[in-house]
Amino acid sequence: MLGDSIQAMSREDTAAFTQPLVNFFTVAFGYRVDHKEMAYDQVARVEDCVIAAFLELVVKLSESTFRPVFVKLFDWASHEGSPKDRILTFYRLTNSVAERLKGLVVLFVGHIFGNCGDMVDANNCSKTDSLYFEVPSNSGSDTDGEEPSSEGVLSDASSLKSTLLVYSILDSLHKTFLHAPERFINKETFLVLLQPLIDQIENDFGGAEAYDELISGHLVPCVAQFAVAVIDRSLWKHLNYQVLLKTRHASARIRLGALRVMKQLYVKMGEEFVSLLPETIPFLSELMEDESQEVERECQVVIKTLEETLGESLQPYF
């Protein structure tokens, strides 16, 4: 109902009521923090309605008006001492904003890239002993009042939040890269995001099904579009090598995840990949003799994809 009312507002009314509406929505975005006792799907439904109504306001605002609103919401979610659940709300909102604004979203998101990297790292089990929403076993409660599990590990609720936060960030970045002008990512931004994104290949804390969803549903499209958005194609060499290193991980599941990322990268790179072939072949040779049959099969798929992309057989290289 609120969204419909905002949609029907005149330009003059929108200008007059922007600040009161922003204040209202800022309070409404706190619903997740204020209702920790509710099931996640119930909270998400309410939050989705609030986000949908907010988007009706966003599309009526000019760039100069919305920019400080977005910055204020980012600060509300990320400043020291903020309840941790706010950052999940913020990135769910950012994902929806990126979907709605498409190419215009690049005007607003540049200052959050550093936080994107920090947050995916904070929810990567290969890079931290305690994930962002986790409560140490010797702690009574976290900033949101959630009780720790008896063994000091992630509760189901905390695990779900970490998973959804990573998904929301990756999806927000994917949409930003997808709709950005060609070669949008400069070297500085590339270096900020590269390692946090590629290290997600090792983020295997939720079991096989959750890991498959992370890789195929969120990381693969994000990293592939990240490559497309990079200004300097010479940076592809660094990107490719970091992915290749993951294929030497002790876990077959991680090696398989790396291969899936590689496959889509090579599709996006197209014929420009040929310059990276010499450094890639030794890794593929190792994977063709992997102890895991599933990894071997996926390696064959990657090689076939490369051959189709380059228009020539790679057998002479092996």
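All values derive from a computational prediction rather than experimental measurement.

## Considerations on the overall build of the protein
Now for step 1: Across its full length, the protein holds 14 helices and zero strands.
Now for step 2: Overall, the protein shows an N-to-C arrangement of helices and strands of α-α-α-α-α-α-α-α-α-α-α-α-α-α.
Now for step 3: Taken against the 2.2 N^0.38 rule, which gives 20 Å for 318 residues, the C-alpha radius of gyration of the protein at 22 Å falls within 12% of a compact globule.
Now for step 4: Projected onto its principal axes, the C-alpha positions of the protein cover 70 × 50 × 30 Å.
Now for step 5: If you take every contact in the protein between residues at least 6 apart in sequence, the share linking residues at least 24 apart comes to 71%.
Now for step 6: Summing over all exposed atoms, the protein offers an accessible surface of approximately 14,600 Å²; the carbon and sulfur share of this is 52%.

## What to know about helix α10 (residues 207-229)
Now for step 1: Over its 23 residues, α10 extends 31 Å from the first C-alpha to the last, a length consistent with the 33 Å expected when each residue adds 1.5 Å.
Now for step 2: Remark: the principal bend of α10, roughly 45°, maps to Leu219, with a proline, Pro221, within the next four residues.

## Thoughts on unusual backbone geometry
Now for step 1: Despite not being glycine, Lys102 has its phi angle at roughly 55°, a positive value.
Now for step 2: Residue position: Lys102 is located in the loop between α6 (85-101) and α7 (113-122).

## Some points on the packing of α10 against helix α12 (residues 252-269)
Now for step 1: Running from amino to carboxyl end, α10 crosses α12 at an angle of 30°, the nearest separation of the two axes being 9 Å. By the angle class used here, α10 and α12 are roughly parallel. With respect to the hand of their crossing, α10 and α12 are arranged in right-handed fashion.
Now for step 2: When grouped by side-chain class, the residues that make up the contact of α10 with α12 number 12 nonpolar, five polar and four charged.

## Notes on the layout of surface pockets
Now for step 1: Within this model, the largest pocket holds a volume of roughly 240 Å³.
Now for step 2: If you go around the largest pocket, you meet 12 residues; those closest to its centre are Lys36, Met38, Asp85, Ala157 and Lys161.
Now for step 3: Here the lining of the largest pocket is built from residues that sort into five nonpolar, one polar and six charged.

Basis of the calculations
- Residues numbered from 1 in each chain as written.
- Predicted model: local features only at pLDDT ≥ 70, side-chain atom pairs only at ≥ 80, totals over all residues.
- Heavy atoms only, no water.
- Helix = DSSP H or I, 4+ residues; strand = E, 2+ residues; numbered from the N terminus.
- Rg over C-alpha atoms; globule rule 2.2 N^0.38 Å.
- Contact = heavy atoms within 4.5 Å.
- Areas by Shrake-Rupley, 256 points an atom, 1.4 Å probe, with all protein chains shown as cover.
- Expected span 1.5 Å × (residues − 1).
- Bend = angle between axes of the 7 residues up to and from the residue.
- Axes fitted to C-alpha atoms, helices over the stretch in contact; angles between N-to-C directions.
- Parallel < 35°, antiparallel > 145°, perpendicular 65-115°, else oblique.
- Left-handed = near helix turned anticlockwise from the far one by under 90°.
- Nonpolar A, V, L, I, M, F, W, Y, C, P; charged D, E, K, R; others polar.
- 1 Å grid on protein atoms, 1.4 Å probe; cavity = no way out; pocket = protein on both sides within 12 Å on 5 of 7 lines; lining within 4 Å.
- Points joined across faces, edges and corners; volume = space filled by probe spheres on them.

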